[in-house]
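# Breakdown of the fold
Given next are the chains, with one letter for each unit.
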Amino acid sequence: MTEQKRNELFARHWVKAQPVVMTYLLTILRSASDAEDVLQSAALKAATKIDQYDPERPFMSWVMAIARHEAVDHLRRHRRDRLVFAPDLMDQLAADAELLTDQMTDRKLALAECLEALVDRSRSIIAMRYRENLSIQKMADRLSMTPNAIYVALHRIRETLARCIQDRLTPPQEKTGD
Amino acid sequence: MIDHAELISEYLDDRITAARFDDLQTVLRSDPALRRQLLDRAVIDQHLREPISLTTGSESDDSAWWNGYNEVDSQSPAHHSWRWQPVAAMAALICLVGLIGLITTTTNSPQQPAPAAVQGPSAVALLTNSHGAVFADDSQPTSLGGRLSAGPIRLVSGTAQVMFDSTAVVDLVGPCEFEIVGPNRGQLRHGEVRAFVPTAASGFTLATPHGSIVDLGTAFEVTVDPPNDTIVRVIEGRVAVLDINGLNRNFLAGDEVSLNDQGIASVRQNLLIVDVESNSGHEYTIEHHALNEDAPAHSDRNYQWNGLDDSGMPAALHGADYVRTAMSDKNKYDLHVTVTLSRPARLYVFLSDRCPVPTWVTEQGFVDTGWKIGLDAAAGGKPLAIGPGQSIDVPYTIWAMNVPEAGRVTFGPVQAEPNPQAGTYGIAATPLPENDETTGLSKPALQPQ
C-alpha cells in the first residue's frame, strides 16, 4: 500500500470510528479528561499501526481493541483506586459499542431536539454540570439544594433525555404497534 | 428491587459503592439491554460535553441557552436548530492531519492490497467534516468520510471540510463554489475558503478567477468576490501568488494580497493579527493598524475605545491591530478566543474594572501595565462622543505580555460567575521591539502551531 493510500485508509475510517471509541472510553473510564487522553493515544497507536490492519476485517473492531488496551494501560498507570470493570465485561461493552456506529449522528441530533424540549430549570442544571463543569457541591450551593438532591435531579433529567431520544429514534409503526 | 438506571447513574457519576459496583457488574454481564442502556447514557454524557450552539435560520442566535441559560428563551423552539461548533471540529481535523503527518514520517510504505472499499477512479479527496452544510446538488457524497471526485462542490450554507489525498485540508465556508481539480489542486470560483497545508502537501495550488495561490507550507485564507477581486491572507508560512499576467510573487504570514482582472491590485504587509477564532456564535473581526480614538470596540455593539482623559489612550497602542470582540459573550463561561500572530508581538487585553481579573490572565503570563483605556458605551441614551476623555462609561485596565514568536494565543472567558456589570475584553497587538528587555513583562504561555 502506498503512503497516500495508507493515509486515506486511516482518515476515512477514523472519522467514523472516533465518536464510538469515545463513547466506549467514557463508559469504562467515566472521566471525560481521561477518555480524551486515551482517545488521543489510541488514535496515535492506530495511525502508526495502520499497516497491520487487515482491510478485510472491520476497522471498528480493530481500533476498539487498541482503545481497550490503551484504556487498561491508562488505568494501570493512573487510577489504581478506581472500581474498574472486569476484562470480560470490557470486551462485552466493546462489542456492544460497535453496534452504535451508524447511530451516533442521529442520536446527537435527537439530543439537540430533546434539550430544547426541557424546561428551563432542567436546562440550567444540565448547563451548570456540562458547560460550566461545576462540581456537585458548587451546584448545590448555587441552587440552594443538597448534593444528593442535585444527583437525583441530574439522574432524572438524563433519564428524561434518554427516553426522549429513544422516542425520537423509534419509527412510528414500532411505537404504535401498527 | 434494584433500580438499574439509578445504578448506572451512580457508576457514571463516580459515586458508586464497591458493593453496588459488584451488583452492576453482575447484571451487566447477563443483560445486553442494560449494557446498551449504559452505553446510551455515556453517549448522552459525551454529547452534552461537546460544544453546541443554538442557531435561528442561517445566522447565529444570541439567545443560545448554553450562553445565557439563566434567561428564558423567548423565541420559539420550532425555529431553532442545533449545530456543533466548527472550532472543535477543526481542532479534531487538525489532530487527524497531524496524525497522518506522523504516519508519513514514522512508517515505511510496504506494498499491501488496496482496501476493499474502493472508490471511483477519479476520487481524490475526502469529506472530513461538515456543520450545517447545505449543498446545492448531490453531485458529490455529502456524508462524512465520503470520497470526493474531481468536480464542483456548491455549498449553499454552513461549512464543509475537504481533505485532499495530499493531506491538504480546505475548509469551505458557504455560500461557496469550489472545485476539486486534482489530488493537490482546487479552484475557488466564489466565496471563502481556508487552506491548511501540512508539509507533505506543500505545493497545494488553489486557482481563482484572478490568479493562483501555491502554498509553500502551512495556512492561508482566500475570498473570491467575482467579478471584483480575490483577497489572499497568509496566516502562516509562505505562499506564492501568480496573478492573471503570469507575475509570480511570494508572500509571508501577515501579508494580504488583493488580485483582480488586471493583476495584483494591492498588498498590505506585516499584519500582526492574522486570524481570530472563537467558540462563540458571534463575530470576531480583526482591525489592522486601526486602534485609535473612537475605534469601534465590539462587533455587536456601537461602542468605542477612547482615552480615559484628554491625554488620550496610551501612545503605544496607537495604530495597533485589534480584535472587535462580541459584548454578547460576556456571560459565556466557556468562551475561548484564539488569535494567530504572524510574528513576535506584544499582546494586550483590556479588562473591565467592573469585574474581577479572570485567573487565566495571569496564568497565561499577562501583567498589569497600569495603563487604562475607556469604553464609550453611549450609556443612558447619550450619543457617542468624539475624542478622548469624553463620555467614558467604563474604565478598562490594560494587561500585556510579550509573545516572542509567531503562533497562537488563547484567551479565556470574561468571568466565571454571573455579573451583569461585566464587559467583554478587548484584544490588541503591537510589534515586539527587537532586543526589548525593558518591559519587565513575563514570558507568555504560547501555544505554538
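Since we're looking at a predicted model, the values are computed, not measured.

### A short note on the overall build of chain B
Check the secondary structure of chain B and you find 5 helices and 25 strands. Within chain B, buried positions represent 52% of all 449 residues. Once local pairs closer than 6 in sequence are excluded, the contacts in chain B between residues at least 24 apart make up 60%. With an accessible surface of roughly 18300 Å², chain B has 52% of that area assigned to carbon and sulfur atoms.

### Structural notes on the state of the cysteines
Residues and elements named next belong to chain A. Evaluation of the coordinates by the stated rule reveals 1 disulfide over all chains. For cysteine 114, the disulfide goes to cysteine 164, at an S-S distance of 2.0 Å. Every disulfide takes its handedness from the sign of the S-S torsion; for cysteine 114 and cysteine 164 that torsion is -85°, giving left-handed. Remark: cysteine 164 occurs in helix α8 (residues 147-169) and cysteine 114 occurs in helix α5 (residues 104-117); sequence separation between them is 50 residues. Accessibility assignment for this pair places cysteine 114 and cysteine 164 in one class, buried.

### With respect to α8(A)
Between its first and last C-alpha atoms α8(A) spans 33 Å; for 23 residues at 1.5 Å apiece the expected length is 33 Å, and the two agree. When α8(A) is considered as a whole, its buried residues turn out to be A:Ile150, A:Tyr151, A:Ala153, A:Leu154, A:His155, A:Ile157, A:Arg158, A:Glu159, A:Leu161, A:Cys164 and A:Ile165. Of the surrounding secondary structure, the elements contacted by the buried residues of α8(A) are α5, α6 (120-130) and α7 (136-143) of chain A together with α1 (4-12) and α3 (32-49) of chain B.

### A few points about the confidence of the model for chain B
In low-pLDDT segments, the atomic positions of the prediction should not be examined closely. Residue and element names in this part refer to chain B. Taken as a whole, chain B shows an average pLDDT of 79; of its residues, 80% reach a score of 70 or greater. Low pLDDT, under 50, characterises residues 97-121; the predicted model gives this stretch 49 contacts beyond four residues in sequence or across chains. Confidence drops under a pLDDT of 50 for residues 437-449, and excluding neighbours within four residues, the segment shows 33 contacts in the predicted structure.

### A word on the sheet that holds strand β20 (residues 337-341) of chain B
Residue and element names in this part refer to chain B. In spatial order, the strands read β15-β20-β24; together these 3 strands make up an open sheet with antiparallel pairing. Two strands in the sheet have a free side with no partner beyond their single neighbour: β15 (273-278) and β24 (407-411). In this sheet, adjacent strand axes meet at a mean angle of 20° when their direction is disregarded. Here 5 bridges tie β20 to β24, and the two strands are oriented antiparallel to one another. Residue valine 337 lies in a different strand from β24, and its bridge partner there is phenylalanine 411.

### Some words on unusual backbone geometry
Backbone phi values are negative for most residues with the exception of glycine, while trans is the configuration of most peptide bonds. Residue and element names in this part refer to chain B. Cis geometry marks the peptide bond from glycine 174 to proline 175, where omega comes out at 0°. Counting through the fold element by element, proline 175 comes out in strand β7 (residues 169-182). The backbone of aspartate 14 sits at a positive phi, close to 65°, despite the residue not being glycine. Mapped onto the elements of the fold, aspartate 14 is located in the loop between α1 and α2 (18-30). In this model, asparagine 270 sits at a positive phi of 60°, which is unusual for a non-glycine residue. Topologically, asparagine 270 is positioned in the loop between β14 (263-268) and β15. Residue class for asparagine 270 comes out partly exposed when judged on its relative accessible area of 46%.

Rules used throughout
Residues numbered from 1 in each chain as written. Chains lettered and ligands numbered in written order. Predicted model: local features only at pLDDT ≥ 70, side-chain atom pairs only at ≥ 80, totals over all residues. Heavy atoms only, no water. Helix = DSSP H or I, 4+ residues; strand = E, 2+ residues; numbered from the N terminus. Buried < 20%, exposed > 50% of the residue type's maximum accessible area, 1.4 Å probe, protein only. Contact = heavy atoms within 4.5 Å. Areas by Shrake-Rupley, 256 points an atom, 1.4 Å probe, with all protein chains shown as cover. Disulfide = S-S within 2.5 Å. Expected span 1.5 Å × (residues − 1). pLDDT = per-residue confidence, 0-100. Pairing = 2+ DSSP bridges. Axes fitted to C-alpha atoms, helices over the stretch in contact; angles between N-to-C directions.

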